Amino acid sequence: MVEINEFADRAAVARLGKRLALPRLEKGWVWLAGAGPGDPGLITALGLVAIAEADVILHDALVNEVLLSLARPGAQLIYAGKRAGRKSCKQTDISCTLVSLARKNLRVLRLKGGDPLVFGRGAEEALTLARARIPFRIVPGVTAGIGGLAYAGIPLTHRDTNHSVTFITGHGADGKLPKLDWSAVAKSSPALVIYMGRKHAGEIAARLIQAGRAPNQPVALLANASFQSQTVRETTLGDLGAVACGETAPSIIVIGEIVRFRAGMDWLGAMTGRVLEPEPLGASALKDVS
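Not measured: the values here are computed from a predicted model. Residue indices begin from 1 for each chain and proceed along its sequence in written order. Reporting of local features is limited, given that this is a predicted model, to residues whose pLDDT is at least 70; pairs of side-chain atoms are given and counted only at 80 or more, and all residues count toward the totals for whole chains, interfaces and linings. Processing note: side-chain calculations cover all non-hydrogen atoms of the structure and skip hydrogens and water entirely.

Engineer: Explain helix 8 (residues 201-210) here, please?
Structural biologist: At 3.6 residues per turn, the α-helix brings residues three or four places apart onto the same side. Only protein chains enter the calculation, and the probe is 1.4 Å; a residue is then buried if its accessible area is under 20% of its type maximum, exposed if over 50%, and partly exposed in between. Numbering goes from the N terminus for both helices and strands, where a helix is a DSSP run of H or I of at least four residues and a strand is a run of E of at least two. Residues of helix 8 that are buried: Ala201, Ile204, Ala205 and Leu208. In a view along the axis of helix 8, the buried residues occupy a sector of 95 degrees, so they form one face of it. We call two residues in contact when some of their heavy atoms are within 4.5 Å. The inward-facing, buried residues of helix 8 contact helix 7 (182-188), strand 7 (191-195), helix 9 (240-244) and strand 10 (251-255). Looking at the residues trailing helix 8, positive phi occurs at Gly212, about 120 degrees. Note: the arc covers the axis-to-C-beta directions of the helix.

Engineer: Quick question: what am I supposed to make of the pattern of salt bridges here?
Structural biologist: Two side chains of opposite charge can pair, provided their charged atoms sit close to one another. By salt bridge we mean one thing: a side-chain nitrogen of Lys or Arg within 4 Å of a carboxyl oxygen of Asp or Glu. Within this structure, the stated rule accounts for eleven salt bridges. In this structure, Asp60 engages Arg110 in a salt bridge whose closest nitrogen and oxygen atoms are separated by 2.8 Å. In this pair, Asp60 sits in the loop between strand 2 (56-59) and helix 3 (65-68) while Arg110 sits in strand 4 (residues 108-112), placing the two residues 50 residues apart along the sequence. Under the relative-accessibility criterion, Asp60 is labelled buried at 17%. Between Arg262 and Asp266 there is a salt bridge whose closest N-O contact spans 3.4 Å. Look at Arg262 and you get buried, because its relative accessible area is 10%. The network of salt bridges with common partners includes Asp60, Arg110, Lys112 and Glu125.

Engineer: How should the sheet that holds strand 4 be read in this particular structure?
Structural biologist: The strands that make up a sheet are held in pairs by hydrogen bonds between backbone atoms, and each pair lies either parallel or antiparallel. Taken in spatial order, the five strands make up an open sheet running 3-2-4-1-5, and their pairing is parallel. Both edges of this open sheet fall to strand 3 (76-79) and strand 5 (136-139), since each of them pairs with a single strand only. Strand-to-strand twist in this sheet, taken as the mean axis angle between neighbours without regard to direction, amounts to 15 degrees. Relative to strand 4, strand 2 is paired through four bridges, and the arrangement is parallel. If you follow Ile57 over to strand 4, its bridge partner there is Leu109. A pair of strands is labelled paired if DSSP reports no fewer than 2 bridges between them. All axes here are fitted lines through C-alpha atoms, helices being fitted over the stretch that makes contact, and every angle between N-to-C directions spans 0 to 180 degrees.

And the structure:
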């Protein structure tokens, strides 16, 4: 039985959508939406409306359950994620399910952790819908490589360290490390952000060091980004493999001088007593290396 406050929550979402003049999730449509990295507060207003209006929600493992509790009574929740330790759904099956449900004239929401188009296979699903002539909308979300770093107190860019950043996936479709030009990756940007790289962290570090990255370069391993269970382990590129072996949760790897800013920007740590360092890079800022 749905509690009264859950009805009130959905009514509040409906009022918000009306006040902002947001589009409605119509019958026969599929919305591909991002739920943010973990904290339910990081979902967009459009994403909230979609959750409250959907007849069917196909969701990933990293979608916060608080968000799913906003689904309307009778809505079908279908787990359609890919995560180590769980039986994974085939991407072709997920895409075909979206088409099938939309053809039943249902309001369909594909809800993904982070952003659907950042290492989220949202493009594959969108193209399947396009081939089937199913109308769809893409609702961006806060990706872990941006929102997660903010919750760790690490700036994605800073004019004293980097004017560019490179995003990489450390997990190919076959489960192996992608066949990248690691020499080019090592030289691409002062800051590297690697998704799904924990399993191959040691190999990634070795390839980057071999290509010229310094073994003592700062690294952060961010697990369960923006969830209450978030942890951040700081290390160096040379020790990354050993540190990653002690982690089992979904993780983001951050490599570069931007990690050093955490000493002055760990706002979550400050809430529990950490004293922040106003000049984490020292009295004189680093020379711009971008």
